[in-house]
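Fold and geometry: a report
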Amino acid sequence: MTAGDGPSLAEAVSEATAVLAAAGVPSPRVDAELLAEHLLGVGLGRLRALMLGDSPAPEGYADLVAERAQRIPLQHITGVAHFRYLELAVGPGVFIPRPETESVVQLVLDWLSARKQLDGLAHPKVVDLGTGSGAIAGSIAHEVPGAEVHAVEFSEFAHAWAAKNLAPLGVHLIRGDLRNALAEHNGTFDVVVSNPPYIPAEAIPNEPEVALHDPPEALYGGGADGMELPTAAAASAARLLVPGGYFVMEHAEVQSEWIAAMLKRAGVFAEVTTHRDLNGKDRATSAVLAPSGPTPAKNRVTSDERIGQ
């Protein structure tokens, strides 16, 4: 703790809020409180109670506020990202999971719940393509008891973070390319979910936290329109799913029509549906692999190429 003549916790948080607001941080008050809570380890409820008294500011608080004012991501400073019911270890080299992705997990949970009621699917097999920190795969493993969950990540750094987060949850993690990973599991997954990179090559994110600190390989989807990896994820879903299996993919709001058209044009998906997130934005698109399934394995490339057209 600071010396008796130092600022109180309430004063320090108030000053930190002003500093972060001046630096353009989107949620200065929340971030100021979370940084204090990180140092004190007391939880936000207890922190706010302490702020009503004359508790001193924790030692090192001003230094952390200064880092955040430089637009270093809050999660890089604390080493933790909160996602649904999980606390994920994160840091440089891995994409910080976003709150809007929680709605993608909910789509999977809702579909699995409906399937369980309809035909008793109690032990679904699920794969997350491009898992990053493991947020999606970890949440499904945590919230669907009995699920067999797999995850694929190409980046060496992100894979290391995912391994730390997913090992306690029993997720089968491999380092591989979502384009061709898990070929030995073709036609066996009930659900394929993906939040692939999808930003166009020439687009630069507005937020410094994203532009300067999220790894480029987790942002840019390939090609001028950013659609190479999303298209590849759809092709992999076509080969990995059982007939009637569920595919859902996150994307940018402006890409929803293109992705829906791509899935319909593929000729192997049905029930193509666009979904809005909690902010009312077209954030994800889902589809079901048609009962006839994709073409046989020996001709699989034909179906995959059709998706890419």
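Since this is a predicted model, take the numbers as computed values, not measurements. (Residues numbered from 1 in each chain as written. Predicted model: local features only at pLDDT ≥ 70, side-chain atom pairs only at ≥ 80, totals over all residues. Heavy atoms only, no water.)

**Topic: the layout of surface pockets**
- Its boundaries defined by the atoms lining it, the second largest pocket holds a volume of some 160 Å³.
- Lining the second largest pocket are 11 residues, with Pro 7, Ala 12, Glu 15, Tyr 61 and Ala 62 positioned closest to its centre.
- Those elements giving two or more residues to the lining of the second largest pocket turn out to be α1 (9–22) and α4 (61–69).
- Sorting elements by how many residues they give to the lining of the second largest pocket places α1 first, with four residues.
- Looking at side-chain class alone, the lining of the second largest pocket contains nine nonpolar, one polar and one charged residues. (1 Å grid on protein atoms, 1.4 Å probe; cavity = no way out; pocket = protein on both sides within 12 Å on 5 of 7 lines; lining within 4 Å. Points joined across faces, edges and corners; volume = space filled by probe spheres on them. Helix = DSSP H or I, 4+ residues; strand = E, 2+ residues; numbered from the N terminus. Nonpolar A, V, L, I, M, F, W, Y, C, P; charged D, E, K, R; others polar.)

**A short note on helix α11 (residues 256–266)**
- Three or more residues of α11 are buried, namely Ser 256, Ile 259, Ala 260, Met 262, Leu 263 and Ala 266. Viewed along the axis of α11, the buried residues span an arc of 160 degrees, placing them on a single side of the element. Facing away from the buried surface of α11 by more than 90 degrees, the exposed residues are Glu 257 and Lys 264.
- Just downstream of α11 lies Gly 267, where phi reads positive at about 85 degrees. (Buried < 20%, exposed > 50% of the residue type's maximum accessible area, 1.4 Å probe, protein only. Arc of directions from axis to C-beta.)

**Details of the pattern of salt bridges**
- Applying the stated criterion to the full structure yields eight salt bridges.
- A salt bridge links Arg 84 to Glu 143; the nearest nitrogen and oxygen atoms lie 2.7 Å apart. On the criterion of sequence distance, the pair formed by Arg 84 in the loop between β1 (80–83) and β2 (86–89) and Glu 143 in helix α7 (residues 135–143) is long-range, its members being 59 residues apart.
- The exposure class of Glu 143 is partly exposed, given its relative accessible area of 22%.
- Linking Asp 177 and Arg 179 is a salt bridge whose minimum nitrogen-to-oxygen distance equals 3.0 Å.
- Residue class for Arg 179 comes out partly exposed when judged on its relative accessible area of 43%.
- Three or more residues joined by partner-sharing salt bridges are found here, namely Arg 29, Glu 33 and Arg 48. (Salt bridge = Lys/Arg side-chain N within 4 Å of Asp/Glu carboxyl O.)

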